[in-house]
Amino acid sequence: MKLNLENVQLIKNDLSEELLDHYSSQDLLAVDCEMMGLIPQRDKLCLVQISDSNEKITLVKTEPPHKAPNLKALFENSKVRKIFHFGRTDLAFLYHWLNIDIKNVFCTKTASKLVRTYTDKHSLKDLLKEILCVDIDKNSQLTDWGAPELTKEQIKYAASDVLYLIPAYKKLIELLKRENRLEIAEEACAFLPNLAKLDLFGYTDFFAH
Ligand code: MN
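Caption draft 1: Up close: the overall build of the protein chain. Looking only at helices and strands, the protein chain features eight helices and six strands. The N-to-C order of helical and strand elements in the protein chain reads β-α-β-β-β-α-β-α-β-α-α-α-α-α. Relative to the compact-globule value of 17 Å for 209 residues, the protein chain shows a C-alpha radius of gyration of 16 Å, a close match. C-alpha atoms of the protein chain, sized along the principal axes, occupy 45 × 40 × 35 Å. By residue count, 49% of the 209 residues in the protein chain fall in the buried class. Counting every atom, the protein chain has about 10700 Å² of accessible surface; 51% of that belongs to carbon and sulfur.

See below:
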């Protein structure tokens with residue numbers, strides 16, 4: 001599986017009705033976000049990337065005043081599972097900037113930590129390298145995602161961040177089943193939207209004494 005830029009569409013602000021219908025008909029979607037930094041209250045949400053199982057990828061460039069009713073409808077649709085890698089941050093940004101109270105979330109980093117206990121390497125790059133034997137280029141991670149025009153390199157990077165998430169999800173589900181940890185993984189992922197809200201409210205280490 002290699003990135004085909006012909007499958008990648010860059011649009012502004014929100015999904016069209018047609019894209020909303022298309023993605024709403026899917027069981028699984030891979031989702032990722034790019035922001036100006038890591039603090040939701042300070043740093044803008046710049047890009048929301050979506051891929052379906054056929055690698056139809058849409059990059060939604062979100063700009064002020066950050067209104068995306070169709071993205072909200074898609075992400076709040078509990079019939080469609082949204083797969084993230086380290087969803088905790090993305091969820092906080094989606095909630096803060098687009099008022100999205102996401103439903104039916106899965107996080108490949110959470111799953112990886114629960115099942116790949118033989119390693120502490122749970123970055124997307126390390127995970128994909130091991131379980132799918134693909135090496136993704138992370139060189140554009142720390143670039144200006146708020147620029148009016150994204151570079152070709154940024155577009156490739158943003159698309160490749162969602163391209164492999166559904167295959168990784170399927171592989172992780174197999175591993176979780178094998179190790180009898182699917183149920184705890186599902187429960188941990190189901191709590192992520194609440195964890196993201198607690199993060200936004202300023203609670204740190206919520207479960208500490
Ligand atoms: Mn990303």
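Caption draft 2: How the structure looks around the pattern of salt bridges. Tallied over the entire structure, the rule returns 12 salt bridges. Here K171 and E174 are joined by a salt bridge, their closest N and O atoms 4.0 Å apart. In this pair, K171 and E174 are both assigned in helix α7 (residues 165-178), three residues apart and thus about one turn of the helix distant. Overall, the relative accessible area of 30% leaves K171 in the partly exposed class.

Caption draft 3: Looking closely at helix α4 (residues 108-115). Along α4, the residues classified as buried are T108, T110, A111, S112 and V115. Contacts made by the buried residues of α4 are with β5 (81-84), β6 (105-107), α5 (124-132), α7 and α8 (182-200).

Caption draft 4: Here's a closer look at the coordination of the manganese ion. In this structure, D32 (OD), E34 (OE) and D161 (OD) serve as the protein donors to the manganese ion, at separations of 2.0 to 2.1 Å. Look at where the donors of the manganese ion fall in the sequence and you get D-x1-E-x126-D. Taken as a pair, D32 in strand β2 (residues 28-35) and D161 in helix α6 (residues 152-163) lie far apart in primary sequence, 129 residues in all. Like D161, D32 is buried.

Caption draft 5: Main features of the nonpolar core. Among the nonpolar cores identified, the biggest contains 68 residues, and L15, V48, I50, L71, F75 and L94 are the most heavily contacted of them. No other element matches the eight residues that α7 contributes to this core. If near-sequence neighbours (up to four positions away) are discounted, L71 is found in contact with D14, L15, V48, I50, V60, L98 and I100.

Caption draft 6: Main features of the packing of α4 against α7. Contact geometry for α4 and α7: axes closest at 10 Å, N-to-C directions at 30°. Relative to α7, the element α4 is oriented roughly parallel. Crossing hand, α4 versus α7: left-handed. Of the residues in α7, those touching α4 at T108, A111, S112, L114 and V115 are L165, Y169, L172, L175 and L176. When grouped by side-chain class, the residues that make up the contact of α4 with α7 number eight nonpolar, two polar and no charged.

Caption draft 7: View of the environment of C133. As for its placement among the helices and strands, C133 is situated in the loop between α5 and α6. A residue is classified by how much of its surface remains accessible, and C133, at 66% relative accessible area, is exposed. For the pair C133 and M35, spaced 98 residues apart in the sequence, the C-alpha separation amounts to 28 Å.

Caption draft 8: Fine view of a nonpolar patch on the surface. A contiguous nonpolar surface patch, about 510 Å² in accessible area, is contributed by F201, Y203, F206 and F207. Secondary-structure assignment places Y203 in the segment after α8.

Caption draft 9: Broad picture of the pairing of β2. Taken across its eight residues, β2 has eight buried, putting it largely inside the fold. In terms of strand pairing, β2 meets β5 through three bridges, oriented parallel. Each bridged residue has a counterpart across the sheet, and for L29 the counterpart in β5 is K82. The sheet contact formed by β2 and strand β3 (residues 45-51) spans six bridges and is antiparallel. Paired with C33 across the bridge in β3 is V48.

Each value, and the rule that gives it
Residues numbered from 1 in each chain as written. Predicted model: local features only at pLDDT ≥ 70, side-chain atom pairs only at ≥ 80, totals over all residues. Heavy atoms only, no water. Helix = DSSP H or I, 4+ residues; strand = E, 2+ residues; numbered from the N terminus. Rg over C-alpha atoms; globule rule 2.2 N^0.38 Å. Buried < 20%, exposed > 50% of the residue type's maximum accessible area, 1.4 Å probe, protein only. Areas by Shrake-Rupley, 256 points an atom, 1.4 Å probe, with all protein chains shown as cover. Salt bridge = Lys/Arg side-chain N within 4 Å of Asp/Glu carboxyl O. Contact = heavy atoms within 4.5 Å. Donors = N, O, S within 2.8 Å, 3.2 Å for Na, K, Ca; no water. Core = buried A, V, L, I, M, F, W, Y, C linked by side-chain atoms within 4.5 Å. Axes fitted to C-alpha atoms, helices over the stretch in contact; angles between N-to-C directions. Parallel < 35°, antiparallel > 145°, perpendicular 65-115°, else oblique. Left-handed = near helix turned anticlockwise from the far one by under 90°. Nonpolar A, V, L, I, M, F, W, Y, C, P; charged D, E, K, R; others polar. Patch = residues over 30% accessible without salt bridge, like charges linked within 9 Å, V, L, I, M, F, W, Y side chains within 5 Å. Pairing = 2+ DSSP bridges.

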